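Residues per chain, in single letters:
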Amino acid sequence: MSEALLATQAPEAPASGASGARQFWRRLRTQRAALAAAAVVALLVLVALAAPLLTAIEGQDPTTYHPSLVDSARGGVPVGSFGGVGGDHWLGVEPQTGRDLFARLVYGARVSLGVALAATTVQVVIGVVVGVTAALGNRWVDQLLSRVTDIIVAMPLIIMALALLAVVPAGFPRPVLVSLIIGFVAWGAIGKISRAATLSLKNLDYVAAARLSGWSTWRIARRELLPGLAAPVITYAALMVPANISIEASLSFLGVGVKPPTPSWGQMLTSANVWYQAAPQYLLLPAGALFLTVLALTVLGDGIRTALDPRSASRLRVGTGRKQEANTATTTEAATAKEARS
């Protein structure tokens, strides 16, 4: 998504919290695809949080080996049809080890979603702080932070992550390490967006009035600028989550991400790349879960962007139409006019 397009949301003065939230939910409710994606994301989060309960109901765990459930004479192929699917193993078992696939899949959701959300939080915090500081600082501060941001943006993320992961001691918790590395290496885009939006906001009348009233720079940033940054920052953050899930999966697939026995979708794909013929479900299950999660988060992010900025139509054109978008814009303008009169 274009950074310039996101930054154009900033020049408007932020609406009051209550009315702004009502308008946002009113616009979001008109997008059926975004609502469906939100339901899928909520279900995935619920499954990840309830992983211990779900595996307890099944009676399995993600780390216990079951050598009797694999055929060692055939190289470790699961015994039984559909990869050993049955009442004790709902999605079958892992080749060679016999570990329960359902347990590893739901625990892998905790790792993949947790790493992505934590990395996105680090990116947003660093990016907003650097961007706002650069926009409000003097010429030298702006130049220094802008050049640092340009360097971060130009860095090849995967290569930098591979290098950093290789030198960190093996005893450091791997999910936490992957989250921190992704966050510290990939905050440049949100930093540039925050700086551009802050430069636009600080020239508006209500910010100038706050400055003339004697407010400190910190108070102006906290009370006047940060609410105006909410729309572009939330929009970009919603689209960064699926990207971070893909990065975590890529690092785990390359063998430098989350380490066994901790399950991860990317790690499962790494182990499954030689079993796609003998045990296809071992490859299809984590790949399908990863695809569904990234797709749902991408559609939800696009819906949030459209709801926060009604001037821009949905880029995906899923669950929306020109007539519906026109009706939404008309309804929004009428509601805004009604609130202004009241």
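Everything here concerns the structure above.
All figures in this text were calculated on a predicted structure; none of them were measured in a lab. (Residues numbered from 1 in each chain as written. Predicted model: local features only at pLDDT ≥ 70, side-chain atom pairs only at ≥ 80, totals over all residues. Heavy atoms only, no water.)

Student: Which residues make up helix α6 (residues 139-154), and what values go with them?
Tutor: Taking 1.5 Å per residue as the helical rise, α6 with its 16 residues ought to reach 22 Å, and the 22 Å between its terminal C-alpha atoms agrees with that figure. Among all positions in α6, only Asp142, Ser146, Thr149 and Ile152 are buried. Seen end-on, α6 carries its buried residues on one side only, within an arc spanning 120°. In α6, those exposed residues whose orientation departs by more than 90 degrees from the buried face are Trp140, Leu144, Ile151 and Ala154. (Helix = DSSP H or I, 4+ residues; strand = E, 2+ residues; numbered from the N terminus. Expected span 1.5 Å × (residues − 1). Buried < 20%, exposed > 50% of the residue type's maximum accessible area, 1.4 Å probe, protein only. Arc of directions from axis to C-beta.)

Student: For the packing of helix α7 (residues 157-167) against helix α8 (residues 174-185), give the residues involved together with the corresponding values.
Tutor: The interhelical angle for the contact between α7 and α8, taken along N-to-C directions, is 135°, at an axis separation of 10 Å. Considering the angle they form, α7 stands oblique to α8. Seen along the crossing, α7 lies across α8 with a hand that is right-handed. Across the interface between the two elements, Leu157, Met160, Ala161, Leu164 and Leu165 of α7 pack against Arg174, Leu177, Val178, Ile181 and Val185 of α8. (Axes fitted to C-alpha atoms, helices over the stretch in contact; angles between N-to-C directions. Parallel < 35°, antiparallel > 145°, perpendicular 65-115°, else oblique. Left-handed = near helix turned anticlockwise from the far one by under 90°. Contact = heavy atoms within 4.5 Å.)

Student: Got a sec to walk through the nonpolar core? Specific residues and values, please.
Tutor: Note that soluble globular proteins tend to have their nonpolar side chains buried in a common cluster. By size, the foremost hydrophobic cluster in this structure holds 34 residues, and its most contacted members are Ile245, Trp265, Tyr282 and Leu290. Of all the secondary-structure elements, those providing two or more residues to this core are α2 (17-29), α3 (32-49), α5 (101-136), α11 (217-253), α12 (265-272) and α13 (280-308). A per-element tally of this core places α13 first, with 10 residues. Contact partners of Ile245, with chain neighbours within four places excluded, come to Ser112, Leu113, Ala116, Leu290, Thr293, Val294 and Leu297. With 24 residues, the next largest nonpolar core counts Val128, Val130, Ala210 and Leu229 among its residues. (Core = buried A, V, L, I, M, F, W, Y, C linked by side-chain atoms within 4.5 Å.)

Student: Can you explain the pattern of salt bridges? Please cite residues and give values.
Tutor: As a working rule, side chains carrying opposite charge can pair if their charged atoms are close by. Counted under the stated rule, the structure contains five salt bridges. Between Arg99 and Glu94 there is a salt bridge whose closest N-O contact spans 2.7 Å. Like Arg99, the residue Glu94 is buried in the burial classification. Arg195 is the salt-bridge partner of Asp142, the closest N and O atoms lying 2.8 Å from each other. Within this pair, whereas Asp142 is found in helix α6, its partner Arg195 is found in helix α9 (residues 188-201), the two being separated by 53 residues in sequence. Residue classification places Arg195 among the partly exposed positions, given a relative accessible area of 27%. (Salt bridge = Lys/Arg side-chain N within 4 Å of Asp/Glu carboxyl O.)

Student: How would you explain the packing of aromatic side chains if you had to name every residue and give the values?
Tutor: For the coordinates displayed, the defined rule picks out one aromatic pair. With a centroid separation of 5.0 Å and 55° between ring planes, the pair formed by Trp90 and Phe102 is classed as tilted. Here Trp90 is found in the loop between β2 (77-78) and α5, whereas its partner Phe102 is found in helix α5, with 12 residues between them in sequence. By relative accessible area, Trp90 is classed as partly exposed at 36%. For Phe102, a relative accessible area of 13% puts it in the buried group. Taking the ring centre of Trp140 as reference, the NZ or CZ of Arg139 above it sits at 5.0 Å. The cationic tip of Arg219 hangs over the ring face of Trp215; the distance from NZ or CZ to the ring centre is 4.1 Å. (Phe/Tyr/Trp six-rings, centres within 6.5 Å; stacked < 30°, edge-to-face > 60°. Lys NZ or Arg CZ within 6 Å of the ring centre and 35° of its normal.)

Student: Tell me what's going on with the side chain of Asn244, and back it up with residues and numbers.
Tutor: Take Asn244: it is sitting in helix α11. Contact partners of Asn244, with chain neighbours within four places excluded, come to Ala116, Ala119, Thr120, Gln123 and Ile182.

Student: Let's hear about unusual backbone geometry: which residues, and what values?
Tutor: Its identity is not glycine, yet Gln96 carries a phi of approximately 70°, on the positive side. When you line up the elements, Gln96 lands in the loop between β2 and α5. A relative accessible area of 55% means that Gln96 is categorised as exposed.

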